[in-house]
Amino acid sequence: METLQKTGRKPITRAVPASAMGRIRPVETLQKLRRMPILLSVPAFAILLAVYAIPIVELFLASLDAPSFSLAHYREFFAEGANITVLFQTIEISAVATAICVIIGYPTAYLIVAASKRLRIVLIVLVFIPWLTNGLVRTYAWVVILGDRGLLNNLMLELGLISSPLHLVYNRMAVYIGMVHIMLPAMILPLLSVMLGIDKSLVAAARSMGARPFVAFWRVFLPLSLPGLRSGLLLTFIFCLGFYITPATLGGLNDAMLSTFIVSQVEAVGSVASVAVPSFVLLAVTIVVLSVLGLDLSGNQGREGQPAQTSFRPSWLLSFGPLIRYLSELAASHRAKRWTAERYKAGGNSRRSAKTVGGVWVALAIFFLLFPGFVVMIMSFSDKPYLEFPPSGLSLQWYRSFFNDPSWIGAFWTSVQLGIWVAVLSTIVGTLAAYGLSRTHPRVRRPLTMVILSPITFPSIVVGVSVYQGLFALGMIGTQSGIILAHTVGAIGSVFIIVSATLANFDRRLEQAAQSMRAGPLRTFMRVTLPLIRPGVIGGAVFAFLHSFDELVITSLISVFSIRTLPLKMWEDIRNQIDPTIAAVGSMLTVLPVLWLIVLYVGWWRSRLTAQSGVSVPTT
Amino acid sequence: MKNSSVSAQIEFKNVTKMYGTVAAVENLSLSVRRGEFLTILGPSGSGKTTALMLLAGFVAPTEGDILIAGKSVAAVPSYRRDQGIVFQSYALFPHLTVRRNLEFPLEMRGINAAERAARVDRMLERVHLKDYGGRMPSQLSGGQQQRVALARALIADPPVLLLDEPLGALDRNLREQMQGELKSLHREFGKTAICVTHDQEEALTLSDRIVVMRAGQIEQVDTPEALYDRPSTRFVANFLGEANILDNPGFKIESDAAQPAGTVAMIRPERICVAAPAAPKRADGNQRQSVTGTVEDMIYAGSLRKYHVRVGSSMLIVREHVASEQRTFRRGDEVRLEWLRSDIRFVIA
Ligand SMILES: Nc1ncnc2c1ncn2[C@@H]1O[C@H](COP(=O)(O)OP(=O)(O)OP(=O)(O)O)[C@@H](O)[C@H]1O
Ligand SMILES: [Mg+2]
């Protein structure tokens, strides 16, 4: 893989003394920036600090009753038996959902990697589509499927298996199904990311040394895939810890999670401590998980040439890097060296029966991921004003009601506007930060990266509570700019990850080459660096938009009903079960990822076609 | 800096570059004449690239000063030093066509489009890539990329050309061909060229002078002939070509000059003749030393034969061009070795 050659190289660029020849000021400033690239991350940190980081510290101090410092609030929290139950329930639900994701996800990822090249690309795209689909829609789909008059009950009634509808929804089982459905791509994608980088000839080598297929898998492939498994585990478990929408929609009263509790505390307008304490308890669980799982289990990650990871670093989030690179390399595949390893596919010469079982497994997993989306689409053409599946007649009335209802259209445009603002702001700020930090000493870069990624590492409800506090102090609660800032806090993280992954593959000698040809720092950036990292920047912008467009938990805390985004409007409708207009919206939002994939395709693949080798020069 | 073409002399003055506690380059002093082709040669990690990057301005010296055309460039950023650089893996812009790659340095100097086009055409022709202007770098072979990189470094007519292992990525045949090309381009454009390499053959073929570096310091600077014929240290003798270092030969070494203190005797393998013990002595026998030994190994390499001969306690390497009436010795054969006493060199141990 390309990564091998990149990380091992010693950095050669060093700061150059500023010109003493008395130039115009902007040049001086630029030269200062050149010497202190870290300054480029200032805008990002300004936003993060003001809106999120300082408030979270304030909240923490408040929960400790600073300045007198006592643990009284925490003692109160833990004295309440119900709180402890909710805490354990949160951990239990997250653990079970994560375990199910591993059991389904690992074999699926393995089989996808083993598939032929074309099929593999198709399968990866099919995993990506639900990942890009609005989470609320995906949760709603399960209401349609599992509801009393939903797909399953009607089907079983029809077949005479049951005589009256079963209560499939509003219980723990439904919560698990919904959570696994949402988190499965988050488990599979990092696994794919790592597995795609495993040199299949290693498995072939083990086989040639007499290892049986399973032994070869166990002793060679599995250990090499552990970093991906760890990333998937962390991503899934931590996301699950902060889940709010799914348990609230699909669960019963006994399935409350800590975030449900926190939201109820916010809504009850209790004391700051009553919100802060459960938030920090949740955060503490997160940090414990991060530092336990974040430990380097695989010895060293020599494959990527990185130094062994040390405990709590959100670098696992960066494990998407190789997948991003893989996807963007596809266009140049006809000459990329990695494909020579194709011949030693993991599934190599397995038996027919094994192939069939594998095929069925992947098909079921993909079906599980995509089917709910189809159900919503079909549902949206129903002619009945209540949930009924399959619909007894077809109509376009719910689309009509969407386009004729100013509150829906208004919410839609609000979301689009917010999304564009967030995408623009966080792409600029996040790209600058990624660029600046990539040129900063690792000892400084690592902790700062941790801060930038923490809003997407920590449970969103915790981030939401902090942002609420921050915006409150700035007097921006319930304003549009407040929501933009709140979304930007998280979107910066997405942009940062994607742009950093692209920059890691960027050959810095190209910049030196430009400079040796008299291109100053700004021109070098605009003419050489930016065109080459553009795919990453576009990808970052798309994810930033999506982050904003789908965000619900934080938005619901800070909008205080004055601004209604599309997810907020949908959320209200789902809760009040108004009518299937939501299905029409959901079906449109399910088609949306296809649009995103086209944008990404144009942004990544196309730019590769013209610049084939992308950021690294082949040495033939 | 238009005046720099008048005098492109480069001078390193006691330049040191520290990385932490490691001196990548230590107290380097060196001056390069205008129009000269100077090669920096040394083993891996000896500071060659660092020296070049110091000159290019990508690395700032910890101590000392670098003068270009008599002026200190300490305060001049890399993008204002007038230099053409050929990077080790070429660093061609992958998102630009060959033509746009060549135009880049001209554009940065504010040259108008018409003249740019004319100059690019001329240069493409010169490097035999006339029909390749529209291609992407990735669609070129290694040798073609190399020529584009050279063309791009030369096109804006900078007085100084820096080359970092310019031929390192090419296979042997192509490398020899490009060496010729590089040499003729240098002659034609008359640039001051500084080239980093760890290929001694390349250094010997291309250079007016060679700088041998070792652990950040200069070991010896001289012309290729002088360096090969009169290495000053054991390191240089071993690094450039093969050498028989007669540390403890087990026989007395006869030489015309007295052996200075702290040195050891050295003789190049091709200066030794091998003959059967009974063969008649040569006419100039009185100027030669001869010893007898046993062949331990014979390596045949096309145009030459290499013998490993045990003489007393030492093993001598002898290299002999294959000629038709010559006798081949086998392992175990007794042989007589002879050399001119004037071919013995003394190198610092
Ligand atoms: N950016 C850097 N940080 C720390 N040490 C460095 C850096 N660059 C070079 N060094 C060290 O300085 C020394 C000289 O490195 P340099 O790259 O100049 O060697 P070189 O002669 O070009 O070697 P090679 O033939 O392998 O390219 C080495 O010990 C190297 O490890
Ligand atoms: Mg080097």
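We now examine the overall build of chain A. Scanning chain A from terminus to terminus reveals 26 helices and zero strands. Here chain A, with 620 residues, has 55% of them falling under the buried criterion. Nonlocal contacts in chain A, meaning residues at least 24 apart in sequence, comprise 79% of its contacts between residues at least 6 apart. When the accessible surface of chain A is split by element, carbon and sulfur atoms take 68% of a total near 26100 Å².

The next subject is the packing of aromatic side chains. Note on aromatic pairs: each is described by the distance of the centres and the angle between the planes. Taken as a whole, this structure holds 27 aromatic pairs over all chains when the rule is applied. Ring centres of F93 of chain B and F104 of chain B lie 4.9 Å apart, and the angle between their planes is 55°; on these two criteria the pair is classed as tilted. Of this pair, F93 of chain B sits in the loop between β6 (83-86) and α2 (98-108) while F104 of chain B is found in helix α2, placing the two residues eleven residues apart along the sequence. Each member of the pair, F93 of chain B as well as F104 of chain B, is classed as buried. Each residue in the set F402, F403, W408, F412, W413, F545, F549 and W596 of chain A is aromatic and connected to the rest through ring pairs, giving one cluster. Its end group placed over the ring of Y228 of chain B, R268 of chain B keeps NZ or CZ at 4.0 Å from the ring centre.

Residue and element names in this part refer to chain A. For chain A, the assigned domains read domain 1 (25-79 + 270-300 + 397-579) and domain 2 (80-269 + 355-395). Put simply, the middle of domain 1 and the middle of domain 2, counted by C-alpha atoms, are 25 Å apart. In this assembly, 45 residues from domain 1 lie in contact with 46 residues from domain 2. Summing both sides of the interface, domain 1 and domain 2 together bury roughly 3700 Å²; the carbon and sulfur share of this comes to 71%. At the boundary of domain 1 with domain 2, the tally comes to zero salt bridges. The set of elements that each furnish at least two residues to the side of domain 1 that touches domain 2 consists of α4 (72-79), α14 (272-293), α17 (397-404), α20 (460-474), α23 (521-550), α24 (553-558) and α25 (566-576). Class assignment for the residues of the side of domain 1 that touches domain 2 results in 29 nonpolar, eleven polar and five charged.

Here we take up the pairing of strand β17 (residues 334-340) of chain B. Residue and element names in this part refer to chain B. The buried fraction of β17 amounts to five of the seven residues, a majority that puts the element mostly inside the structure. Here strand β13 (residues 273-275) runs beside β17; their pairing, made up of three bridges, is antiparallel. Directly across from A275, in β17, lies its bridge partner R336. When strand β14 (residues 288-301) meets β17, the two strands line up antiparallel, connected through seven bridges. When the bridges of β17 are listed, T292 appears paired with R336.

Across all of its chains, the model carries 33 salt bridges over all chains by this definition. Close ionic contact of D507 of chain A with R509 of chain A constitutes a salt bridge, the shortest N to O distance being 3.3 Å. Pair check on accessibility: D507 of chain A and R509 of chain A agree, each one buried. For E338 of chain B, the salt bridge identified is with R336 of chain B, shortest N-O distance 3.1 Å. Residue classification places E338 of chain B among the buried residues on the basis of a relative accessible area of 5%. Judged by its relative accessible area of 6%, R336 of chain B falls in the buried class.

All names here are of chain A. Contact geometry for helix α7 (residues 135-146) and helix α16 (residues 352-379): axes closest at 9 Å, N-to-C directions at 75°. Between α7 and α16, the angle falls in the class roughly perpendicular. Residues V137, R138, Y140, A141, W142, V144 and I145 of α7 form the contact with α16, whose own contacting residues are F368, L369, F371, P372, V375, V376 and M379. For the contact of α7 with α16, the residue count by class is 13 nonpolar, no polar and one charged.

Right, let's talk about the domain arrangement of chain B for a bit. Residues and elements named next belong to chain B. One can read the domain layout of chain B as domain 1 (10-234) and domain 2 (246-348). Contacts between the two partners involve eight residues from domain 1 and, on the opposite side, eleven residues from domain 2. Across the interface of domain 1 and domain 2, roughly 750 Å² is buried in total on both sides, 40% from carbon and sulfur atoms. Sorting the residues of domain 1 by area buried against domain 2 places Y228, D229 and R234 first, and these three jointly supply 65% of that buried surface. On inspection of domain 1 and its partner domain 2, the count reaches three salt bridges. Across the pair R271 and D229 runs a salt bridge, and its minimum N-O distance is 3.7 Å. Counting across the domain 1 and domain 2 interface gives six residue pairs in polar contact (both at pLDDT 80 or more). In terms of residue count, helix α7 (residues 224-229) provides more of the side of domain 1 that touches domain 2 than any other element does, three residues in total. Partitioned by chemical class, the residues of the side of domain 1 that touches domain 2 number three nonpolar, two polar and three charged.

Here is what the cut-offs are and how they apply
Residues numbered from 1 in each chain as written. Chains lettered and ligands numbered in written order. Predicted model: local features only at pLDDT ≥ 70, side-chain atom pairs only at ≥ 80, totals over all residues. Heavy atoms only, no water. Helix = DSSP H or I, 4+ residues; strand = E, 2+ residues; numbered from the N terminus. Buried < 20%, exposed > 50% of the residue type's maximum accessible area, 1.4 Å probe, protein only. Contact = heavy atoms within 4.5 Å. Areas by Shrake-Rupley, 256 points an atom, 1.4 Å probe, with all protein chains shown as cover. Phe/Tyr/Trp six-rings, centres within 6.5 Å; stacked < 30°, edge-to-face > 60°. Lys NZ or Arg CZ within 6 Å of the ring centre and 35° of its normal. Domains from an automatic or database assignment. Buried area = accessible area lost by both parts, 1.4 Å probe. Salt bridge = Lys/Arg side-chain N within 4 Å of Asp/Glu carboxyl O. Nonpolar A, V, L, I, M, F, W, Y, C, P; charged D, E, K, R; others polar. Pairing = 2+ DSSP bridges. Axes fitted to C-alpha atoms, helices over the stretch in contact; angles between N-to-C directions. Parallel < 35°, antiparallel > 145°, perpendicular 65-115°, else oblique. Polar contact = N/O pair within 3.5 Å; in protein donor to acceptor, adjacent residues only side chain to side chain.

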